[in-house]
Amino acid sequence: MSNPALLVLYGSQTGTAQDTAQRLARQAQRRRLRVRVMPLDDYNVANLITESLVVFVCSTTGQGDPPDNMKNFWRFLFKKSLPAGSLSQLDCAILGLGDSSYPKFNFVAKKLHKRLLQLGACVLLPVGLADDQHDLGADAVIDPWFASFWGKVSTLYPTLSGMMPLREDEPLPPTYTFHFLDDMQEKEEVQLRIPMDQTVPSQSHPFPARMVFNRRVTEPSHFQDVRHIELDVTGSNIEFAAGDVVMMRPCNAPEDVQQFCQLLKLDPETRFTLSPTDNTAVPARLPQPCTVRHLVESYLDIAAVPRRSFFELLSTFATNELEQEKLAEFSSAAGQDELHNYCNRPRRTMLEVLADFPHTTAELKVDYLLDLFPEIQPRSFSIASSLRAHPNRIQVLVAVVCYKTKLYKPRKGLCSSWLASLDPAQGDVYVPLWVKKGSLKFPSDKETPVIMVGPGTGVAPFRSVLQERTAEGRTANVLFFGCRSKSKDFYFRTEWEEMMEAGFLTLFTAFSRDQEAKVYVQHRVRDNGELLWDLIANKNACFYIAGNAKQMPASVCDALKEAFQQAGGVSAEEAEQMLATMEKTGRFQSETWS
């Protein structure tokens with residue numbers, strides 16, 4: 001049997017599955033296998049019947065949903081019209097990336113595995129279920145799974161074992177080659193153009209929305225900087241409903257761009273074109289030609305905490321013995337604890353790692369930049385406004401992430417810090433964005449009461465639905481809002497008070513630090529059991545939770561079940577069953593983030 005060509009297909013939301021797929025592809029290259037790696041939605045799924053060896057690497061998002069870049073593939077694969085044995089020629093393997101703190105842990109990989117078996121595919125080894133919650137992270141499953149996979153492949157294709165693999169410290173060819181242009185050529189500004197056609201903005205064609213205002217809504221003395229931001233989407237064809245999210249791709253800080261260019265001795269104003277070394281497409285988001293500044297500012301995620309693959313690739317350039325030794329340790333399975341302490345725990349960035357390994361950084365070849373650094377991923381924010389109340393506008397509520405670790409420099413959230421730095425008072429500022437369906441779905445029936453629990457910035461999607469329901473004259477709205485202090489971080493207080501006065505809102509607040517004993521939203525839920533029981537049991541109310549995923553959602557659920565028992569006189573088992581039924585029928589929904 002001749003050596004196979006390996007196809008690695010991935011579904012990735014945050015870049016982890018993509019990184020894992022690329023790691024497997026590099027292992028294949030070292031074994032001198034022909035390999036292609038691509039997102040599932042870039043692949044013509046009808047060609048699967050002609051493939052001999054495929055690995056699927058998929059993460060699970062939201063409430064057990066497939067990532068955005070495999071949704072078309074997912075729809076096609078689950079068509080009832082597909083014949084049962086249509087993939088009988090296919091040898092494949094499935095690796096799932098998930099987080100066991102979520103109820104639908106690795107749901108996508110499990111469901112994909114089941115479907116491929118139904119279609120007659122030969123699955124070479126048990127589905128890998130990597131778990132972020134494991135002490136050693138996802139690698140605790142990925143490493144042994146990779147080893148099993150290669151064991152299976154060498155049994156299937158014995159000729160492979162006769163080939164001498166490339167050494168680990170030997171650099172593989174880069175995916176792209178940079179061609180720097182003569183400085184004498186006329187320089188073009190990379191500009192965001194407002195699309196003139198009637199397309200709806202998307203990830204590949206974002207709409208440059210003008211920032212209207214950027215206001216801090218917490219007291220200056222408060223530790224947390226939270227921004228209320230409005231963006232003008234006039235002429236964009238964007239439509240959205242309550243519960244939807246806006247996607248934005250941030251830029252790196254100017255000082256980071258400058259430091260990166262200095263470390264790599266690059267002139268930010270130099271222009272280049274890219275050509276692929278094999279049949280990979282040039283990233284559509286990069287203009288051709290492109291300036292180094294645009295590449296570093298808008299594309300390379302230099303402020304991310306590096307993954308193990310970064311050190312694997314970096315180690316192939318090391319000539320300094322000390323640095324080589326350390327990079328080899330960070331790349332090895334045995335060195336993962338050490339790497340965790342160096343990188344993950346203090347949240348050290350890729351840029352800081354380059355500064356820590358000056359000799360290796362000096363040896364870096366520019367052609368490898370797109371192999372070393374992942375693309376900046378889009379960030380999502382719950383839309384905090386309704387088109388009924390604010391036509392042609394999108395508003396968001398953004399907590400600016402900034403915290404200390406053992407490192408001298410405070411850690412900053414890339415997108416929230418970038419947004420906070422934009423000042424429309426200094427001139428026009430544009431934010432490229434597009435809108436996506438959110439996971440929260442609100443009732444279309446006007447009479448259905450809505451109960452919302454949204455502490456902190458979790459209140460954002462509920463402001464959107466309250467503006468919508470108020471415009472439609474719906475009055476059965478109950479909001480539980482929690483924050484630290486009534487005077488420091490009570491978001492949209494005036495609006496809530498106006499809605500209450502007009503009879504559109506029943507509001508319960510929990511200000512955790514305004515008295516000696518801490519009070520949270522779950523306490524308010526427990527205190528109002530009678531009202532909640534009446535709304536849920538007698539009036540078919542829907543119950544929503546949005547906010548931080550730490551303890552709040554579980555505590556609110558416990559408080560709600562307690563309310564069912566005390567006000568409704570049901571047993572603990574019946575209360576549990578009630579909540580499970582509400583969840584199944586869409587009457588209990590949550591959107592949480594960590």
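Keep in mind that this is a model prediction, so the values were computed, not measured.

What counts, and at which threshold
Residues numbered from 1 in each chain as written. Predicted model: local features only at pLDDT ≥ 70, side-chain atom pairs only at ≥ 80, totals over all residues. Heavy atoms only, no water. pLDDT = per-residue confidence, 0-100. Helix = DSSP H or I, 4+ residues; strand = E, 2+ residues; numbered from the N terminus. Buried < 20%, exposed > 50% of the residue type's maximum accessible area, 1.4 Å probe, protein only. Core = buried A, V, L, I, M, F, W, Y, C linked by side-chain atoms within 4.5 Å. 1 Å grid on protein atoms, 1.4 Å probe; cavity = no way out; pocket = protein on both sides within 12 Å on 5 of 7 lines; lining within 4 Å. Points joined across faces, edges and corners; volume = space filled by probe spheres on them. Nonpolar A, V, L, I, M, F, W, Y, C, P; charged D, E, K, R; others polar. Salt bridge = Lys/Arg side-chain N within 4 Å of Asp/Glu carboxyl O. Polar contact = N/O pair within 3.5 Å; in protein donor to acceptor, adjacent residues only side chain to side chain. Contact = heavy atoms within 4.5 Å. Pairing = 2+ DSSP bridges. Right-handed = clockwise from strand over helix to strand, strands pointing away. UniProt positions renumbered as here; feature names shortened; annotations may be inferred. Axes fitted to C-alpha atoms, helices over the stretch in contact; angles between N-to-C directions. Expected span 1.5 Å × (residues − 1). Arc of directions from axis to C-beta.

**Here we look at the confidence of the model for the protein chain**
- Model confidence for the protein chain is summarised by a mean pLDDT of 92, while 97% of its residues fall at 70 or above.
- No element of the protein chain has a lower mean pLDDT than strand 22 (residues 588-593), at 88, and none a higher one than strand 9 (residues 226-232), at 98.

**A look at unusual backbone geometry**
- Following Gln288, the chain continues into Pro289 via a peptide bond in cis, with omega recorded as -5°.
- Looking at the element boundaries, Pro289 is found in the loop between strand 11 (271-276) and strand 12 (290-291).
- With a phi angle near 55°, Lys265 is a residue other than glycine that sits in the positive phi range.
- By the secondary structure assignment, Lys265 is in the loop between helix 5 (254-263) and strand 11.
- Classification of Lys265 by relative accessible area gives exposed; the value is 71%.
- Residues other than glycine seldom take positive phi values, yet Asn540 does so here, at roughly 60°.
- Its location among the elements puts Asn540 in the loop between helix 17 (529-539) and strand 21 (542-548).
- For Asn540, a relative accessible area of 46% translates into the label partly exposed.

**Digging into the nonpolar core**
- By size, the foremost hydrophobic cluster in this structure holds 40 residues, and its most contacted members are Phe260, Leu295, Leu300, Leu369, Leu370 and Phe373.
- Formed by 28 residues, the second largest nonpolar core is a distinct cluster that contains Leu397, Leu466, Cys483 and Trp496.

**Quick notes on the layout of surface pockets**
- The calculated volume of the second largest pocket comes to roughly 500 Å³.
- If you trace the second largest pocket, you find 23 residues lining it, with Gln27, Arg30, Glu168, Glu312 and Ser331 closest to the centre.
- Residue assignment for the lining of the second largest pocket shows that the elements contributing at least two residues are helix 1 (16-30), helix 4 (139-156), helix 7 (308-315) and helix 8 (321-331).
- A breakdown of the residues in the lining of the second largest pocket according to their chemical character gives 8 nonpolar, 6 polar and 9 charged.

**A closer look at the pattern of salt bridges**
- For the structure on display, the rule yields 32 salt bridges.
- A salt bridge links Arg308 to Glu312; its shortest N-O distance comes to 3.5 Å. Here the residue Arg308 and the residue Glu312 both occupy positions in helix 7, the gap between them amounting to 4 residues, near one helical turn.
- The salt bridge partner of Glu497 is Arg493, with a shortest N-O separation of 3.1 Å. On the criterion of helical spacing, the pair formed by Glu497 and Arg493 is a turn pair, its members being 4 residues apart in helix 15 (residues 493-501).
- Looking at Glu497, the relative accessible area reads 35%, which means it is partly exposed.
- Looking at Arg493, the relative accessible area reads 31%, which means it is partly exposed.
- Bridged by salt links that share partners, the residues Arg23, Asp139, Asp143, Arg308 and Glu312 form one connected network.

**What about the side chain of Glu51?**
- Counting through the fold element by element, Glu51 comes out in the loop between strand 2 (34-39) and strand 3 (53-59).
- A polar side-chain atom of Glu51 sits 2.9 Å from a polar atom in the side chain of Arg36.
- With residues up to four places along the chain from it excluded, the contact list for Glu51 reads Leu7, Arg36, Tyr43, Gln89 and Leu90.

**Describing the pairing of strand 1 (residues 5-11)**
- For strand 1, a buried count of 6 out of 7 residues is recorded, marking the element as mostly surrounded by other parts of the structure.
- Relative to strand 2, strand 1 runs parallel, the two sharing 6 bridges. By the bridge assignment for strand 2, Ala5 is matched with Arg34.
- With helix 1 bridging strand 1 and the parallel strand 2, this β-α-β connection has right-handed handedness.
- In terms of strand pairing, strand 1 meets strand 3 through 6 bridges, oriented parallel. In the strand pairing of strand 3, Leu7 is matched with Val54.

**A closer look at the UniProt feature "domain: Flavodoxin-like" (unreviewed entry) in the protein chain**
- Taking the UniProt record as the reference, the feature "domain: Flavodoxin-like" (unreviewed entry) is found at residues 6-150.
- Annotated as 32% helix and 23% strand, the span residues 6-150 places its first and last C-alpha atoms 12 Å apart.

**Side note on the sheet that holds strand 10 (residues 245-248)**
- Strand order across the open sheet formed by 6 strands is 13-10-17-8-9-14, with antiparallel pairing between neighbours. Strand pairing shows two members of the sheet lacking a second neighbour, strand 13 (379-382) and strand 14 (393-399), which therefore form its edges. Put simply, the sheet's adjacent strands are angled 40° from each other on average, direction ignored.
- The pairing of strand 8 (residues 207-216) with strand 9 spans 6 bridges and is classified as antiparallel.

**A closer look at helix 3 (residues 107-118)**
- Given a rise of 1.5 Å per residue, 12 residues ought to cover 16 Å, and the 17 Å separating the end C-alpha atoms of helix 3 matches this to within 8%.
- Buried within helix 3 are the following residues: Val108, Ala109, Leu112, Arg115 and Leu116. One side of helix 3 holds all its buried residues, which, seen down the axis, span an arc of 130°.
- Two residues or fewer past helix 3, Gly120 is found with a positive phi of approximately 90°.

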